Structure formats: C-alpha cells, structure tokens
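Inside the fold
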Amino acid sequence: MSTDYRAFVIGAGPGGYVAALRLAQLGIKTGIADRTALGGTCLNIGCIPSKALITAAKTYEKIGRADKMGITVKGLEIDMNGLQKWKQSIVKRLTTGVGALLKGNGVDVFMGNARFRDRSTVDIVDDKGKTTTVRSQSFIIATGSRPIEIPGFEIDEKNVLSSTGALDLDQVPRSLLVIGGGYIGLEIGTLYAKLGSKVTVVEMLDSLLPGFDPELTDVVHKKLLKSGVEVHTGARAVGYSKKRGGLEVELQISGKSETRKFDKILVTVGRRPVTDGLDLDRAGLKTDAKGFLSVNERLQTAAPGIYAIGDVIGNPMLAHKASKEGEVAAEVIAGKNVVLDYRSMPAVVFTDPEISSVGLMEHEARAKGLDITVGKYNFVGLGRALTTDAPEGFVKVIAAAGTREILGVQVVGAEASELIAEAGLALEFGAEVDDLALTVHAHPTLAEALPEAARAAVGEAIHALKKR
Ligand code: FAD
C-alpha cells in the first residue's frame, strides 16, 4: 500500500469518517487513522450507546405505567446484561458499517496513534508498536474530545464514573449522584432513574442545561422532580470518601455542607478537546489555552493544508456538527467554493421530555436587539399527544416581527428530536411563518404543533382560545 495521500484524516469519529467518505467520493486519494475504534465517541461510547439505553429505560417505564391503558404486566424486570448485549450489538453493527463504507469507498484505514512529524508527514504507531509513516498534501484533524475531570473525583470507572463507565454498568446502581446538569448528565441520570436508581443531580450554575431557553428546561426540571430525581442547582460536590455501604460525598447545597451516601458518582461537567500527543507544534500549530484548535469558516487552521473539525474546534460538541464540518472541509480540499453555515444546526437533548432547538432562541434574539414575535403551542392541545400519553411540552416559533421570517424554533416534548427536522428545513429555506402555517400536517400527529405555533406567532392559532 502506497502511503502518499492527497488527504489524510486523523480520527474516525462522525467528523473524521464522514470527511474521509466525502473526500473519496470527490475522487481524492484518502487515508484515515484512529487509535481506538472506528465511529469515535459517538458510535462507541456516546450518542448510540446512550440512546439505546435511554430507549430501553423509557420502554421499561412505559410498560410499568401501562395499567391506565388497561394493560397489566406482572413480573416486569430489567436484565442489565441483556440490555448491555443489545446495546453492544447495535454499536457493533454501526461501527462495522463504518468500516465497510470506508473500505468500499477506497479509503485506507490505519489503526494506531497518529502524530505529526512535520507539516506533511504523520507517524502512526499501532498497539504492537509498529510505526507507519504517511505523507499527505492535506490533513484533517478530527481527534474529538474526552471528559473533563474535577479535583476530588478522579474517574476510576468503578466508583466515580465518566459517561463511558456509566453507559457500561452491569447493574442498576441503587443510588447515583450526577455532578453536572448538562445534557450528558441529565440524559444518563434520567435513564437510571427510570431503571430504578435514586438519582441526585448537583449543578453549580443556577439552572439545568445552561444555555437553553429556561422556559424549555423548566419543563424537564419539573418532570425530573416529579419522577423522584433530586435536583440541586447552585450546588456543588466537594469530595468523597469510600465508606462501608457506599461513597460518602460532601455536598454544598445553598451554602450549607451536607454529607450523603451514594452507590456511584457520575461526573459530567463537560468535555475537553483531544489535541495532546499530536505534536501539533511540529506541524506549525498551536491550540488555545483550553486545547481547542481555531479554524476559519472553511475549517482551515493557521497551518496551510491542515484542517480541523468536530469537537476539537469547540462547541457545540455534537455529532452532526462534526459531520457537517467534515463534509465542508473535504469539499474545500477538493477545491469547491464552500463555507460552513451554522444557521440551521439543530441541537437535541434526549431527556424526558426531549428538548430540541434550531436557530435563535428567544433570549438570544432579544439579546441581539431583534424585533421579534413569538408563537407557542402546547402539546396538551394535540390529539396525538394525548393518545400517546405525552401531553407535556410545547413548540415555540421565533420570527422577525416585520418580515415574518422564521429565526428559530424550539420544542420541548415527546419526539422533539424528530420534530426539529422540519424546522431546520424551514430555516435552511429562509421560510416565513406563513410557509409553516400553510403546510398541511397530517392529523393526528405531534407535528401539528408546528403550524399552530407558527400561526400563534402572528396571532392566528386555530386551536387556541381567543385572547380577550
Ligand atoms: P470523536 O467522535 O470523539 O472521534 C475522535 C476520534 O479520534 C476517536 O475515535 C479517537 O480515538 C481518535 N483519535 C484521537 N486522537 C487520535 C490520534 N492522535 N491518532 C489517531 N486517532 C485519534 N452528539 C450528538 O449529536 N447527539 C447525541 O445524542 C450525543 N450524545 C452523546 C452522549 C455521550 C455520552 C457523549 C460522550 C457524547 C455525545 N454526543 C452526542 C457528542 C458526540 O459524541 C461528539 O460530538 C462527536 O462524537 C464528535 O465527533 P468527532 O468526530 O469530533 O470526535
């Protein structure tokens, strides 16, 4: 195998492998290296395993409360080994698929740790210590991120877990302390609460899911409390010690010190870029103080011919953002005149209920001084929401007051993750509220909330009481 490439990708997560596939599709000789597994964080220890467990937990909970629909189930049990096997079978299927796609498109795959020798050369060392040297005209750095650790809570994946350990448990912990109320902590905390753990969340800031519209996060916060999860905002975990019968944790809640016992501690206080070990200085590159690489709108770093994409260039750390950046970087390398546009980049939180957003949130639009109109439609008014036993939540449409152009859409409620796709398309097309309102939506569906919220933004919602 010749090791001279026109493009070489470091990291085969959703950023890197998509970039490699797009490069190959554009007729560019491409290689890719990964030191752990094809599919990166997302497929192996992130999006996919978490969503598999969340689905199982939701199903378990749903069956448990199906008696109000006249369905009685006796002897409902959760078998964590069976669940982990199912989860792993999905991971395997998807990661094998990535390997097949890369091979099928003619991308050379190297398993090993890559580091720059100079701006056009990379050494890849496999787990047996064998080095392969590759040369390339361009490189794409897609090395992703890893969990941030906090003093006093060193991650050992036994007592103190990162998301990786938490998604691999073979027993449901009796009690779980989640440190950090961001999306990863809440998704995993919620799933274990549904499986029967007594879950406590501590978040240093004043609200859960910082950055999201508080009107949305409030719905999730209330549902957590309703389902027995203890939530403390403005609180922090100070340290812990191993005691008989559990982990004794010192918490600071409302300025007071408290000691509580837990089975497991999950630390989800954010993620930091993986740039160490790449010998970036040899390629003429520097990171910022936090380790992130800076790029322009064409994903080009300060070093000619070197691009960076995905978590390694910063927030939002999302798989589809990494993939989109991968496609754009590949097209730039192929000489296409493209730039990245984040306007219709969606974000989803798979809590109960789910949250999704695309475009501007109300507080962001107001902070920009925009003249906006806001429409809301509650799920409780939808036949489908009631027949699926999911009446919580709403759709919110933010539009420009004068032009009626849609600036943003948020959803909190069942299937928010699916409903946001239509809103993304609306933003991509530069749609106005009338475009959403005039589109006939099948009945009964949750998607009917979108045209209603769009109409509400201009005071014309059909299934709403007249304002006096
Ligand atoms: P990664 O997926 O992290 O891939 C980077 C790859 O680079 C890794 O495979 C690593 O082994 C490799 N690598 C690093 N350094 C080197 C080196 N020197 N040499 C060779 N290889 C190297 N996002 C969503 O959009 N939706 C979700 O539902 C979602 N859920 C998540 C749940 C959890 C628990 C976690 C942790 C994350 C979740 N994410 C989700 C985030 C998502 O996983 C990341 O945003 C995404 O994986 C980033 O892709 P990437 O390609 O930038 O990096």
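None of the values given here were measured: they were computed from a predicted structure.

**Considerations on the overall build of the protein**
On a plain count of helices and strands, the protein comes out with 13 helices and 22 strands. What you see for the protein is a C-alpha radius of gyration of 24 Å, in line with the 23 Å of a compact globule of 468 residues. When its C-alpha atoms are laid out on the principal axes, the protein stretches across 70 × 65 × 45 Å. Sorting the 468 residues of the protein into buried and exposed places 49% on the buried side. In the protein, of all internal contacts separated by at least 6 residues, the share reaching a separation of at least 24 is 63%. Per element, the accessible surface of the protein, about 22200 Å² overall, is 52% carbon and sulfur. Put simply, the protein has 57 plus and 56 minus side-chain charges, and the middle of one group is 3 Å from the middle of the other.

**A closer look at a nonpolar patch on the surface**
Taken together, the side chains of Ile63, Met69, Ile71, Val73 and Leu76 make up a nonpolar region of the molecular surface, amounting to roughly 400 Å² of accessible area. When you line up the elements, Met69 lands in the loop between helix 3 (47-64) and helix 4 (80-104).

**Remarks on the environment of Asp206**
Among the secondary structure elements, Asp206 is positioned in the loop between strand 10 (198-203) and helix 7 (214-226). Residue Asp206 is classed as exposed on the basis of its relative accessible area, which comes to 71%. For Asp206 and Thr233, which are 27 residues apart along the polypeptide, the C-alpha to C-alpha distance reads 5.2 Å. Contacts of Asp206, omitting those with residues within four sequence positions, involve Thr233 and Gly234.

**Description of the packing of helix 3 against helix 6 (residues 183-195)**
Where helix 3 meets helix 6, the axes come as close as 8 Å, and the angle between the chain directions of the two elements is 35°. In terms of crossing hand, the pair formed by helix 3 and helix 6 is left-handed. Mapping the contact onto sequence places Ser50, Lys51, Leu53, Ile54, Ala57, Lys58, Tyr60 and Glu61 in helix 3 and Glu187, Leu191, Tyr192, Lys194 and Leu195 in helix 6. In terms of residue class, the contact of helix 3 with helix 6 is made up of seven nonpolar, one polar and five charged.

**So, the pairing of strand 11 (residues 230-233)**
As paired strands, strand 10 and strand 11 are joined by four bridges and run parallel to one another. Bridged to Glu203 within strand 11 is Thr233. Remark: the strand 10/helix 7/strand 11 crossover connection has right-handed handedness.

**Quick look at the sheet that holds strand 13 (residues 246-253)**
Strand order in the open sheet formed by three strands is 12-13-14, with antiparallel pairing between adjacent strands. A strand with exactly one partner marks an edge of an open sheet, and here the two such strands are strand 12 (236-243) and strand 14 (256-262). Each neighbouring strand pair of the sheet contributes to a mean axis angle of 25°, computed without reference to strand direction. In the sheet, strand 12 pairs with strand 13 via seven bridges, with the strands oriented antiparallel. If you follow Ser241 over to strand 13, its bridge partner there is Glu248.

**Digging into the sheet that holds strand 18 (residues 347-349)**
The antiparallel open sheet is built from five strands, whose spatial order is 18-19-22-21-20. This sheet does not close on itself; its edge strands, each paired only once, are strand 18 and strand 20 (372-378). When the angles between neighbouring strand axes are averaged without regard to direction, this sheet yields 10°. Bridge count between strand 19 (residues 354-359) and strand 22 (residues 406-413): six bridges; the pairing is antiparallel. When the sheet's bridge partners are listed, Ser356 is paired in strand 22 with Val411.

**A word on the packing of helix 1 (residues 16-25) against helix 4**
Where helix 1 contacts helix 4, the two axes come as close as 9 Å, and the packing angle between them is 25°. Between helix 1 and helix 4, the interaxial angle falls into the category roughly parallel. Along this stretch, helix 1 crosses helix 4, giving a crossing that reads as left-handed. Contact with helix 1, carried on its side by Tyr17, Ala20 and Leu21, involves Val98, Leu101 and Leu102 of helix 4 and no other residues of that element. Split by residue class, the contact of helix 1 with helix 4 holds six nonpolar, no polar and no charged.

**Quick look at the site of the ligand**
Around the ligand, 42 residues are found, and the nearest of them are Asp34, Thr36, Thr41, Lys51 and Ala319. Pro14 has a polar backbone atom sitting 3.5 Å from an oxygen atom of the ligand. Take Leu318: an N or O atom from its main chain is 3.2 Å from an oxygen atom of the ligand. Contact with the protein chains hides 96% of the accessible area of the ligand, taken as 1000 Å² for the molecule alone. Listed by contribution, the elements that provide at least two residues to the shell around the ligand are strand 2 (30-34), helix 2 (40-45), helix 3, strand 4 (113-118), helix 6 and helix 8 (319-333). Ranked by the residues each element gives to the shell around the ligand, the list is headed by helix 2, at four residues. By residue class, the composition of the shell around the ligand is 20 nonpolar, 17 polar and five charged. Residue-level mapping places the shell around the ligand at the junction of two domains, with at least three residues from each of domain 1 (2-146 + 272-333) and domain 2 (160-269).

**Some points on helix 13 (residues 449-457)**
By the criterion of burial, helix 13 is predominantly enclosed, with seven of the nine residues buried. Turning to helix 13, the residues buried within the fold contact strand 20, strand 21 (393-400), strand 22, helix 11 (416-428) and helix 12 (433-438).

**A look at the domain arrangement of the protein**
Segmentation of the protein into domains returns domain 1 (2-146 + 272-333), domain 2 (160-269) and domain 3 (353-457). Taking the mean C-alpha position of each, domain 2 and domain 3 sit 30 Å from one another. Counting residues at the interface gives twelve residues for domain 2 and 14 residues for domain 3. The junction of domain 2 with domain 3 conceals about 1000 Å² of combined surface from both sides, 67% of it contributed by carbon and sulfur atoms. There are four salt bridges connecting domain 2 and domain 3. Across the pair Lys223 and Glu392 runs a salt bridge whose closest N-O atoms are separated by 3.4 Å. Taken together, domain 2 and domain 3 are joined by five residue pairs in polar contact (both at pLDDT 80 or more).

Definitions and cut-offs
- By convention here, each chain's residues receive numbers from 1 onward along its written sequence.
- Only residues with pLDDT of at least 70 get local features here, since the model is predicted, and only at 80 or more are side-chain atom pairs given and counted; chain-wide, interface and lining totals rely on the full set of residues.
- The side-chain values count all of the structure's non-hydrogen atoms but skip hydrogen atoms and water molecules.
- Secondary structure is summarised from DSSP: a helix means a run of H or I of at least four residues, a strand means a run of E of at least two, and numbering begins at the N terminus for each.
- For a compact globule the rule gives 2.2 Å times the number of residues to the power 0.38, and the radius of gyration it is set against comes from C-alpha atoms.
- Each residue gets one of three labels from its accessible area relative to the maximum for its type: buried under 20%, exposed over 50%, partly exposed in between, using a 1.4 Å probe on protein chains only.
- In what follows, residue pairs with any heavy atoms lying within 4.5 Å of each other are defined as contacts.
- Here, Shrake-Rupley sampling with a 1.4 Å probe gives the accessible areas, and only protein chains in the shown set may cover a residue.
- When charges are tallied, Lys and Arg are placed among the positive residues and Asp and Glu among the negative ones, while His and the ends of the chain are skipped.
- A single reference atom marks each charge: NZ on Lys, CZ on Arg, CG on Asp, CD on Glu.
- Grouping into patches uses exposed residues only, defined as over 30% relative accessible area, and leaves out salt-bridged ones; the cut-off is 9 Å for like charges and 5 Å for nonpolar side chains (Val, Leu, Ile, Met, Phe, Trp, Tyr).
- Here, a salt bridge means any side-chain nitrogen of Lys or Arg that lies within 4 Å of a carboxyl oxygen of Asp or Glu.
- In this analysis an axis means a line fitted to C-alpha atoms, helices contributing only their contacting stretch, and an angle means the value between N-to-C directions, from 0 to 180 degrees.
- The hand of a helix crossing depends on one turn: near helix anticlockwise from the far one by less than a right angle means left-handed, and clockwise means right-handed.
- Residue classes follow a fixed rule: Ala, Val, Leu, Ile, Met, Phe, Trp, Tyr, Cys and Pro count as nonpolar, while Asp, Glu, Lys and Arg count as charged, and any other residue, Gly among them, counts as polar.
- The criterion for strand pairing is that DSSP finds at least two bridges linking the strands in question.
- The path from the first strand over the helix to the second decides the hand: if it runs clockwise while the strands point away from the viewer, the crossover is right-handed.
- Our angle categories are set so that under 35 degrees counts as roughly parallel, over 145 as roughly antiparallel, 65 to 115 as roughly perpendicular, and the remainder as oblique.
- Each residue is tested against the molecule or strand, and it is near if at least one of its non-hydrogen atoms lies within 4 Å.
- Pairing of N or O atoms within 3.5 Å defines a polar contact, subject to two protein rules: one partner must be a possible hydrogen donor and the other a possible acceptor, and residues neighboring in sequence count only if both atoms are side-chain atoms.
- Domain delimitation in this document rests on an assignment produced automatically or drawn from a domain database.
- Buried area is a sum: the accessible area each of two parts loses on coming together, probed at 1.4 Å, counted once for each and added.

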